[in-house]
Every structure is written in structure tokens, then in C-alpha cells.
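The lines below spell out each chain.
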Amino acid sequence: MATLVINNGTVLTMDDDRTVHFGGHVAIDQDRILAVGPGEYADEDAGEDVIDAEGMLVLPGLIDLHFHTAIGKGYSDHLPLWEYLNECWYPLIRNLDAESAYWAAAASYLESVKSGVTTVNDMYRRLPDLARAAADIGIRAVLSNDVALEEHNLDTLQDNKDAHDAVHGLADGRIQVRIGIEWLPLASPALLSEARALADELGTGIHIHLNESLTEVEDSKRRFGRRPTEVAYDAGLLGPDCVAAHCVWLSDTEIALMRETGTQISHNPSSNAKLGNGIARLPEMLAAGINVGLGHDAAECNNSRDMFEVMKFASLMHRAARVDASLQQAPDVVAMATRNGAKALGLEAGQLAAGKKADVILVDTRNVMFTPLADHNIAQIYSHLVFAANGSAVDTTIVDGKVLMRDRQLMTMDENTILTQANVAFRRVLDRIS
Ligand SMILES: [Zn+2]
């Protein structure tokens, strides 16, 4: 029996055939999709919640494959990556307390929910506090620590194991914990090998920054005599359960290592652009058959969590750099932000099909972003999603069959309280630094 029915919408299933149903339905039973198809959902059983999706697109929730909860944003915006980390990011995250982490996470997840993101792959600290925020707001959260060598005063593998033991599987499985490695400049080959061993012991995955900047590549060559992805490969870190973020400066050899190991890549073009890190070799990664999803990275270095903006960057940057308008067509970009992200995290989501997790969004087309719109023009719909729309077009966000936002109103927490408390938390952490 359906617990929630969406009728009368334009359903972009993002299945293997990219089937679209005009005037279609999605029926949900608890946390799973029960049925998807054309026409109204016919159910003898009364009592289900019915959403009339006239004028709406119905599509899988977006997956932010590389995400950090953020306590601040809008300062140190002029710095390159290495200086930005040392002057902004590390001081902030070394001074978190439980309440500041909770409210920073709630505010971060709030912007995501309001722009149609249903899953975040969040590398940060104080995972139990993040898990509380994710459970309260209702988003699906794959959490990992900022693990580094001990002298850097961030997290240890033991912290990550403790977090896994404490919160992995909570909120009906919406909270998962993976092993996170900050990046190679703060790590060693031995630490990468130990991270792989711990992930295997716990039966979980890995999240790491790799080949983000030229300075990182040079640091790796100087300290280890090899490029970052070669070091990760030799340490046994890579694999289908590993999400490598950025991968801007991959050599041909490193692309081959990613393909050989089935490693998942999160492409984060707007963060890479803002930090002056360059443009990833996305066409070559895709040509190699690597699964690539999309991420916003962090509000401190982006500064928006709107994945519609990330989708647009993921197309335009490559067209501009290669002088080639055929690159990164809109339907492929939407696939990166949905099904590719789900595949990267091993989630039964990212497509609207019976049996999948009920992570669904409704995007309102009755606004100037989607005007004009011809009847039944699928190509135009994808184009508007990637090139014309932003997250404010998202009307409804559903995770695990539960409505988190409807008519742009957050249903699970008080939005004003989140905003107020996030400001309090930011000032408290800033005071502690200065
Ligand atoms: Zn990052």
C-alpha cells in the first residue's frame, strides 16, 4: 500500500533508458518507491498522502558527492588552497564544540534540502553531532572524519572508528560512516594503508581529497617520489568503495589507475575554479569509463551549496576550456548529479524505479527559469535544469519517503532557529580563534 503518491507530474526517472512520463506518477511505500509510470496511480486503499505535481518535474534527489559541513563562509575568499586551509579551514575546524558542529551541520543541510539535495557525502569532524543534525532535518548523510597524521591536530583513525561504532546505521540507515582522509600533504603512505585496513575491517568505504592542486602534486613528488594517486594506489587505498574528490591534476597513468581500481570520482568544478586549482580532465575520465559524480565541496570555498549551480559549471567550464560546445550535454550532467552519485556511494537511489529508496524531488516549472517550455520537449527540460534553473525552483524534497520540504517550507525543523543558531555558533568559534 502506498503511503505517499505523487500524481500528474513530468517524471524524469533517470533509469537506464532515461524514461520520461508526462502526466505520470510515483507511488511510495514507507522508504521505498512502489511504482513509477504514466497516468495517475490507481490504488484501492484510501488514506495515502497525495501530492498533485501539475507543472512540476519529478526526479531523483540530487547527490552531493563531495561535501563538508561549513561553520563559516565569505571570508579568506582571496586565498589559494594551501593558504586558505592553514588560515581559514583548519583553525575553524580545530575549534568546533558539539553545539557549533550541530548547528553548522543543520544550516549546511538546510541549504542542501532547500535546493533539492537528498544525500550529502560529508567529510568533517564531530560526526555524532553531525549525525544528530542529519537525523533531525531528515537528510541522508554519509559521514567521514578529517583524518590526518597526529601532528596536524585533526582527527585520527581511532576517532573515525569510534564515530562508526557510535552512529553508523542510525536514523533507519540514513546515517552511514566512512573513513575520511583529509589529503596527502597531511598524511603518509602508511596512514593510507591503515585507512584501507580499517575500512575493510568495518566493511565501509573511504572518502579522500586527491590531486586537488598543483601544490599537492609537487608536495607528493617531493615527499614520496610519486604523484598523489600513485601513492594512494600503492597503499591499496583505491577501489570501488573509495570516493576521490577533485582529481584535477591526473596524469594519463593516474587516470588508468582510477579505471583499473574502479575508484569513484567527485568532480567539483565550482570549488576548483574559485580556489584557482584548475579544470579537471573530465572528458578523459569519462572516456576511460570512470564513474564521476558531482559535489559542491564546502561553503567556505564555493560558497553556494546549490547543486544546480554545480551542474552548470560542470558543463560550461569544459566547453570554455576546450572550445567545444558538444561537451557535457545536459542529460549527462543531470545523470552525474543523480545516478552517478548514488552509484559512487553504493546507494539504492539516484533513479526513480520500483524498489529504489524514495529520495525524490519536485521542481516547479511555473516560473521564468523554465519559460518558455514547449509541450513534451524532453531536451528542453534537461537544458533548463542545467543551464537556466537554480535550487530555488525546488518545491518539494523527499528522503526515505518522508517529506522534508513542501512548497519550499521546511517541515522537520524550524528554519529561523537554524539560521540564528548557526550565526551564534560561527561567532563563538571565531572568538575562540582570535
Ligand atoms: Zn573538500
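Report follows, based on the coordinates. Fair warning: this is a prediction, and the values are worked out from it, not measured in the lab. (Residues numbered from 1 in each chain as written. Predicted model: local features only at pLDDT ≥ 70, side-chain atom pairs only at ≥ 80, totals over all residues. Heavy atoms only, no water.)

Here we take up the sheet that holds strand β13 (residues 292-294). One open sheet holds the nine strands; their spatial order is β13-β12-β11-β10-β9-β8-β7-β6-β14, and the pairing between them is parallel. Each end of this open sheet is capped by a strand with a single partner; those strands are β13 and β14 (297-298). For strand β12 (residues 264-267) and β13, the ladder comprises three bridges, and the chain directions are parallel. By the bridge assignment, H267 is partnered in β13 with L294. (Pairing = 2+ DSSP bridges. Helix = DSSP H or I, 4+ residues; strand = E, 2+ residues; numbered from the N terminus.)

In this structure, D359 sits in the loop between α12 (330-345) and β15 (360-364). A polar side-chain atom of D359 sits 2.9 Å from the main-chain amide nitrogen of D400. Sequence-distant contacts of D359, that is, excluding residues within four places in its chain, are made with P60, G61, T118, T119, R140, A349, L352, I398, V399 and D400. (Polar contact = N/O pair within 3.5 Å; in protein donor to acceptor, adjacent residues only side chain to side chain. Contact = heavy atoms within 4.5 Å.)

Next up on the list: the pattern of salt bridges. As enumerated under the stated definition, the model contains 31 salt bridges in all. For R140, the salt bridge goes to D400, with nearest N and O atoms at 2.8 Å. Residue R140 is located in strand β8 (residues 140-144), and its partner D400 is located in the loop between β16 (394-399) and β17 (402-406); the two are separated by 260 residues in the primary sequence. By the burial criterion, R140 is buried, and D400 matches it. Through salt bridges with shared partners, one network takes in D31, R32, R140, R174, E348, K357, D359 and D400. (Salt bridge = Lys/Arg side-chain N within 4 Å of Asp/Glu carboxyl O. Buried < 20%, exposed > 50% of the residue type's maximum accessible area, 1.4 Å probe, protein only.)

What follows concerns helix α11 (residues 307-322). Under the 1.5 Å per step criterion, the end-to-end length of α11 is 23 Å for 16 residues, consistent within 8% with the ideal 22 Å. By the burial criterion, the buried members of α11 are M307, F308, V310, M311, A314, S315, M317, H318 and R319. Taking the backbone nitrogen of F308 as reference, a side-chain oxygen 2.8 Å away marks D306 as the first, capping residue of α11. At the C-terminal side of α11, V323 shows a positive phi close to 55°. (Expected span 1.5 Å × (residues − 1).)

With that settled, the discussion passes to empty space enclosed by the protein. Under the counting rule described, the total for this entry stands at one cavity of 30 Å³ or more. There is about 110 Å³ of room inside the largest cavity. Along its surface, the largest cavity is lined by 14 residues, and H68, Y84, L85, H209 and D297 are the ones closest to its centre. Elements represented by at least two residues in the lining of the largest cavity include exactly α1 (81-94), β9 (175-183) and β14. If you tally residues by element for the lining of the largest cavity, the top one is α1, at four residues. (1 Å grid on protein atoms, 1.4 Å probe; cavity = no way out; pocket = protein on both sides within 12 Å on 5 of 7 lines; lining within 4 Å. Points joined across faces, edges and corners; volume = space filled by probe spheres on them.)

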